[in-house]
Structure formats: C-alpha cells, structure tokens
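Structural overview for review
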Amino acid sequence: MPIYEYRCQECKSLFETIVTSSETAPEPVCPKCGSSVVKKTISASSFRISSGSSSIPSGALSGCSTKSGFS
C-alpha cells in the first residue's frame, strides 16, 4: 500500500496517509484543521545512496538476486 504525502492548502500542515485503492479511497482530509483542500507533494525517497558506500545491501534492487530478501 502506498503512503502519500499531502500539504494542506488552508493551514499549510504536512501529513501522510496510506491509500489502499485509488478507486475507493476517500479524499484526504487534513488531520490538523479538517480541510479537504489538500495537495499531494513529492516525497523524499526512503533510502539514500552515498558515494563510496551504499546503504542498500548488495543485490537488493535486482529482484533476481538471492540476496534480495524475497523468495
């Protein structure tokens, strides 16, 4: 299930919500002020790759690797 990040256009609060299905998902509502005038933002990635050393295990992104953690 994807997690989307929104910014309230009324109070400028930033919040996240889990979306189970785009067809049946209700419009997001700001948890701080209750406004439904929100805008989806671009979120930062959940991992970081730095030069010289990777914080991602070797083969984790390849899907065919036995080190990917999936069976």
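Residues numbered from 1 in each chain as written. Predicted model: local features only at pLDDT ≥ 70, side-chain atom pairs only at ≥ 80, totals over all residues. Heavy atoms only, no water.

Digging into the sheet that holds strand β1 (residues 3-8)
Ordered in space as β2-β1-β3, the three strands form an open sheet in which the pairing is antiparallel. Edge positions in the sheet fall to β2 (14-18) and β3 (38-40), since each has one partner strand and no second. Strand-to-strand twist of the sheet, defined as the mean angle between neighbouring strand axes without regard to direction, takes the value 35°. Pairing between β1 and β2: five bridges, direction antiparallel. Its bridge partner being in β2, Y6 is matched across the sheet by F15. (Pairing = 2+ DSSP bridges. Helix = DSSP H or I, 4+ residues; strand = E, 2+ residues; numbered from the N terminus. Axes fitted to C-alpha atoms, helices over the stretch in contact; angles between N-to-C directions.)

Here's the deal with the pairing of β1
Taking the residues that link successive antiparallel strands as the turn, the β1-β2 hairpin has five residues, and the phi of K12 there is positive, at about 70°. Bridging between β1 and β3 involves three bridges; their strand directions are antiparallel. Looking across to β3, one finds that R7 is bridged to K39.

Some details on the nonpolar core
Formed by Y6, C8, F15, V19 and C30, the largest nonpolar core amounts to five residues. Leaving out residues up to four positions away in the same chain, Y6 has contacts with S13, L14, F15, T17, V19, P28, V38, K39, K40 and T41. (Core = buried A, V, L, I, M, F, W, Y, C linked by side-chain atoms within 4.5 Å. Buried < 20%, exposed > 50% of the residue type's maximum accessible area, 1.4 Å probe, protein only. Contact = heavy atoms within 4.5 Å.)

Observations regarding the environment of S36
Looking at the secondary structure, you find S36 in the loop between β2 and β3. Assessed through its relative accessible area of 51%, S36 is described here as exposed. Distance in space between the C-alpha atoms of S36 and E10 is 8.9 Å, their sequence separation being 26 residues.

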